[in-house]
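# Remarks on the overall topology
Next come the chains, spelled out residue by residue.
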Amino acid sequence: FFGGSGGGAEVFGRPGSSLANARGNNAARREKLAAQQAFESTASGSAEYYRRACALQDAALELLRVGVADRVSQTCAQIQDALNIPKVPIAADKLEASLVYTRFHGISKRSNALISIARKRLDALGNDSVASASYDDLLTLCRNTYCGARETLLTATVRRHMDILKERHGLVGMTRLASLFLIRLCTVETALYLDFFGDPEKRRYPRKKTKGALSQVDEEDETKEGGDAAGEKKEGGDEGEKVPPSPGSPHFKRMGSAGSHTVPAASALASQVLSEDATYRDAEFQSALGNLCSSLHRTVRRGLVSVLDLDVLCQVVSVLREERSVANSSPTTLAAARAVSGVIRDAQERLIFCANGALHKEVARFKPTINDLNYPGKLLGEEPKVSIIIEDESNSNKKKEETTAEAKKEGDPNDAVAAQLRVYESWFPPMRSVLRILSKIFRVVEPRVFEDIALSSVQSCTKSLKDGSVHILRKSGQIHADLFLVKHLLILREQLSPFDIQLRSVERQLDFSEAGRAVTRFLANRNRRLFSMSTENALITLLREGVSVQESSVDSKRDLEDCLRSACNDFIEHTSSTLLGPIGGFVDQCKNVAGSTSSSADALARAPFTNGVVVKGVFASALQYLDGELENVSKQMNLYLENAATQGILLKPVVRKVTRSLEEAKRFIGEVSQGEDNGWDLEVRSDVLKSIEEYEAKVKIASSKK
């Protein structure tokens, strides 16, 4: 009758009808749609008849509103009075058995039947019908009333439960338990919402699936409500139809108790009906679930503000990621997943802030002490007590892990953990801090953020290692400074390789070097056009000429490799010079004389430093101290570099450089020892050449041991 083919639509919005006097957007919509339709008073009879039909429709809609929306509001008020909500929150382990669920389940069947009537009329009329607006608004009113009532009843309880979990289990334990609580709450709330607004036809369970969890559900009538609910009969459905389990039934585990991650009956309900009935996706209901789940964000965020420990923050993010994956696995718990995602973002922001603060304090602004620069003393274990200090932002929160030398002696010397700890303690503190922090936040923050933090921290660490080698050079000597830098750069490169990051970025900076000249030209131009809408505008010209953007590519991995290569070259140069001793000076003097004069052979032969006796003494002196120098180099390399292969790689260039210098010395000696002038004879020549061969043999033997 009220469809497009009937005559009832002709009188909607006509003067004198009850709908013409209605208020709000519905009346305006009806008048607009009615104005588009031609009115024929003789099409279906008297207009008065249709006005009365509209009045009856309004009365029917009012009865539906009273039967659903008013009843939900009344039930909510009764529960608040009975349980003194929100002043006295309900215990989480008693929530599902409380009146918050049992009373609502008691009115769900009748409410669902009334809502089904309105939904069928809406489906029959279609969206283009004038009368469909009334049913659509009725359903929206019922959903908003229901969602508001559920928020009123549950918000205080959920928040109180979050606070209790935080007090009892701490921030990390609270995040896991609270996430599970919200996941189960969303599942139970979805089941109850479907009891009210779901489609009974789509939620009818086949008989072959009635075994298991749902087969134990009693076929009793809905829980009778006191007063008005007394005497209500079971409406609709066949006698063999299974009633979905109520939130208070024994198949729903209590949300406050420790148990599995899921609610069996709710999971069975979701698997059987959610694929067909998408009523739970209503925007009003999802918004209500989001408001309930926001309690997790509220509680965790207050705890994150005061957390400075990177370990705690990393644990929070890891736990929340696990729970988010669980929440995303079911369409009924997407609201909980969204709430958990928001908390994850906050925890990551806090973690990034604390990590940057720790790196800035422990690396960029690091001030080494005498003990920090005690190389090779730290490698030899000279310190009676070694402290690893992990500092937070505030000086009051410091955690110290102290390992004494006595404890090391008491423990098993073959203990791998103790040995690794001693190696870790021997590292330079800035590098130790960088690797510790990066290993903690790896895979906890986003990859791009991690790479940016790693890039800046590696740059600061490399600079700190260079500064440390300069201090060690003044304190302990050249070989210790070189090996210190090589050792730590090798460790840094090795420890960064598992992260698989590029450590590249492009930095952009504003260059104001031409700003002064541009301002001078701007002021000198008397015909400047300030308001010209073209490229000749004086202000645009000033900005274009005075400010430029300078881009520079930053590659920390390349810089690290360059620094390591430079450190190895310095070690090779300094070690070869040490092993050659006075021979290196002799070769350099010969090169200078040979390259400075035209008659180089005669000048070199008459030079005092090429005297046979002097040359013999030079090689004898160098050969005398060679064993000690070789032993010292081998000892220090064994101390700093534990890998024999690494020692061999570093010594091969040293041997080649020493051998090349000896070959040059042979050549110069052959040129100046042709005759018997300047102290040369066959015996001196033979002794010098023999010393050179012995010198070369000792160097090669020492390198072959590596």
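Numbering of residues begins from 1 in every chain and follows the order in which that chain's sequence is written. With the structure being a predicted model, the display of local features is reserved for residues of pLDDT at least 70 and the display and counting of side-chain atom pairs for 80 or more, all residues being used for whole-chain, interface and lining totals. Only hydrogens and water are set aside; all other atoms, that is, all heavy atoms of the structure, feed into the side-chain values.

This part covers the overall build of the chain. Helical segments are the DSSP runs of H or I of at least four residues, strand segments are the runs of E of at least two, and each set is numbered from the N terminus. Scanning the chain from terminus to terminus reveals 22 helices and four strands. Among the 706 residues that make up the chain, the fraction classed as buried is 44%. In the chain, the share of contacts with a sequence separation of at least 24, taken over all contacts with a separation of at least 6, comes to 78%. Summed over all atoms, the accessible surface of the chain reaches about 36,600 Å², with 51% contributed by carbon and sulfur. Working definition: with a 1.4 Å probe on protein chains only, accessible area under 20% of the residue-type maximum means buried, over 50% means exposed, and in between means partly exposed. Residue contacts are counted whenever heavy atoms from the two residues lie within 4.5 Å of one another. Areas reported here follow the Shrake-Rupley algorithm with a probe of radius 1.4 Å; residue values treat only the protein chains shown as occluding.

Another point: the pattern of salt bridges. Close approach of charged atoms lets side chains of opposite charge pair. Any carboxyl oxygen of Asp or Glu that lies within 4 Å of a side-chain nitrogen of Lys or Arg is treated as forming a salt bridge with it. Summed over the entire model, instances satisfying the criterion amount to 21 salt bridges. For Arg65, the salt bridge identified is with Glu62, shortest N-O distance 2.3 Å. Of this pair, Arg65 and Glu62 are both found in helix H2 (residues 47–83), three residues apart, which corresponds to roughly one turn of the helix. Taking the relative accessible area as the measure of exposure, Glu62 reaches 35% and is therefore partly exposed. One salt bridge connects Arg143 with Glu284, and the closest N-O pair in it is separated by 3.4 Å. With Arg143 in helix H4 (residues 132–197) and Glu284 in helix H6 (residues 283–304), this residue pair connects regions lying 141 residues apart in the sequence. Of the residues examined, Arg143 reaches a relative accessible area of 15% and is grouped as buried.

Once that is clear, we can look at the state of the cysteines. Whenever a pair of cysteine sulfur atoms sits within 2.5 Å, that pair is classed as a disulfide. All chains considered together, the criterion is met by zero disulfides. Here Cys314 is not disulfide-linked; the sulfur of Cys354 is the nearest cysteine sulfur, at 9.9 Å.

So, about the packing of helix H17 (residues 556–580) against helix H21 (residues 644–672). Helices that pack against each other are described as a pair by the angle of their axes relative to one another and the distance between those axes. Axes here refer to lines fitted to C-alpha atoms; in helices the fit is confined to the stretch in contact. Angles between the N-to-C directions go from 0 to 180 degrees. The N-to-C vectors of H17 and H21 enclose an angle of 45°; their axes lie 9 Å apart at closest approach. When the interaxial angle is binned, H17 and H21 end up oblique. Helix-helix and strand crossings are classified by hand; for H17 and H21 the assignment is right-handed. Contacts between H17 and H21 involve Cys568, Phe571, Ile572, Glu573, Thr575, Ser576, Leu579 and Leu580 on the former and, on the latter, Leu650, Pro653, Val654, Lys657, Val658 and Ser661. Residues belonging to the contact of H17 with H21 are distributed by class as follows: nine nonpolar, three polar and two charged. Should an angle lie under 35 degrees it is considered roughly parallel, over 145 roughly antiparallel, and from 65 to 115 roughly perpendicular; all remaining angles are considered oblique. Crossings are sorted by hand: turned counterclockwise from the far helix by less than a right angle, the near helix makes the crossing left-handed, and turned clockwise it makes it right-handed. Only Asp, Glu, Lys and Arg are considered charged in this grouping, and only Ala, Val, Leu, Ile, Met, Phe, Trp, Tyr, Cys and Pro are considered nonpolar; every other residue, Gly among them, is considered polar.

Right, let's talk about unusual backbone geometry for a bit. With the exception of glycine, the majority of residues adopt a negative phi angle, and the majority of peptide bonds are in the trans configuration. Of note, the amide linkage connecting Ile85 to Pro86 takes the cis form, showing an omega dihedral of 5°. Tracing the backbone shows Pro86 in the loop between H2 and helix H3 (99–125). Residue Pro376 is reached from Tyr375 by a cis peptide bond, and omega for that bond is 10°. Secondary-structure assignment places Pro376 in the loop between helix H8 (334–364) and helix H9 (377–380).

Chain-level pLDDT for the chain is 77 on average; 74% of the residues reach the 70-or-more range. Note on residues 384–411: pLDDT under 50 across the span, and 46 contacts to partners over four residues away in sequence or across chains. Confidence per residue, as judged by the predictor, is encoded in pLDDT with a range of 0 to 100.

Another aspect to go through is the environment of Asn144. Position of Asn144 relative to the elements: it lies in helix H4. According to the relative accessible area criterion, Asn144 is partly exposed, its value standing at 42%. The sequence separation of Asn144 and Phe285 amounts to 141 residues, and the corresponding C-alpha distance is 8.0 Å.

Let us look at H17. Between the first and last residue of a helix there are one fewer steps than residues, each counted as 1.5 Å, and that sum is the expected span. For H17, with 25 residues, the first-to-last C-alpha span of 36 Å sits near the 36 Å given by 1.5 Å per residue. Every buried residue belonging to H17 is among Ser556, Leu560, Cys563, Leu564, Ala567, Cys568, Phe571, Ile572, Thr575, Ser576, Leu579 and Leu580, and all of these are buried.

Let's shift gears to H6. With 22 residues, H6 should reach 32 Å at 1.5 Å per residue; the first-to-last C-alpha distance of 30 Å fits that figure. All of the buried residues along H6 are Phe285, Gln286, Ala288, Leu289, Leu292, Cys293, Ser295, Leu296, Thr299, Val300, Gly303 and Leu304. On its buried face, H6 is in contact with H4, helix H7 (310–328) and H8.

What follows covers a nonpolar patch on the surface. Within the patch definition used here, like charges are joined within 9 Å and nonpolar side chains (Val, Leu, Ile, Met, Phe, Trp, Tyr) within 5 Å, considering only residues with over 30% relative accessible area and no salt bridge. Nonpolar side chains collect at one region of the surface, where Leu510, Phe512 and Val549 lie side by side and expose about 320 Å² of accessible area between them. Turning to its location among the elements, Val549 is positioned in strand S4 (residues 548–555).

Next up on the list: the nonpolar core. Within the largest apolar cluster, 156 residues are counted, with the highest numbers of intra-cluster contacts made by Phe104, Leu182, Leu296, Leu438, Ile583, Phe619 and Tyr695. Here this core gets 26 residues from one element, more than from any other, and that element is H4. Residue contacts for Leu438: discarding those within four places in its chain leaves Phe450, Ile453, Ala454, Ser457, Leu496 and Phe499. Residue types Ala, Val, Leu, Ile, Met, Phe, Trp, Tyr and Cys, when buried and joined through side-chain atoms within 4.5 Å, form a set referred to as a nonpolar core.

This paragraph deals with the packing of aromatic side chains. Within 6.5 Å between ring centres, the rings of Phe, Tyr and Trp (the latter by its six-membered ring) count as paired, and their orientation is classed by plane angle as stacked under 30 degrees, edge-to-face over 60, tilted in between. Under the defined criterion, the tally for this structure stands at 17 aromatic pairs. Relative to Phe196, the ring of Phe104 has its centre 6.0 Å away and its plane inclined at 55°; by these criteria the two rings are tilted. Placement of Phe104 in helix H3 and of Phe196 in helix H4 is noted, with a sequence separation of 92 residues between them. A relative accessible area of 0% means that Phe104 is categorised as buried. Among the aromatic residues, those joined into a ring-pair cluster are Phe104, Tyr146, Tyr193, Phe196, Phe197 and Phe285. Charges are assigned to positions over rings by a cutoff of 6 Å between ring centre and Lys NZ or Arg CZ, combined with an angular limit of 35 degrees from the ring normal. Sitting above the plane of the Phe104 ring, Arg150 keeps its charged end 4.6 Å from the centroid. In this arrangement the basic side chain of Arg667 is found over the ring face of Phe668, its NZ or CZ atom lying 4.4 Å from the centre.

With that out of the way, let us pick up the environment of Ala82. The topology assignment puts Ala82 in helix H2. With a relative accessible area of 51%, Ala82 lands in the exposed category.

Moving on, we come to the packing of helix H14 (residues 478–496) against helix H20 (residues 612–640). As a packed pair, H14 and H20 sit with axes 10 Å apart at the nearest point and diverge in direction by 30°. Looking at the two axes, H14 sits roughly parallel to H20. The two elements H14 and H20 cross, and the hand of that crossing is right-handed. Taken together, the residues of H20 that come into contact with H14 (itself represented by Ile479, His480, Leu483, Phe484 and Lys487) are Val633, Gln636, Met637 and Tyr640.

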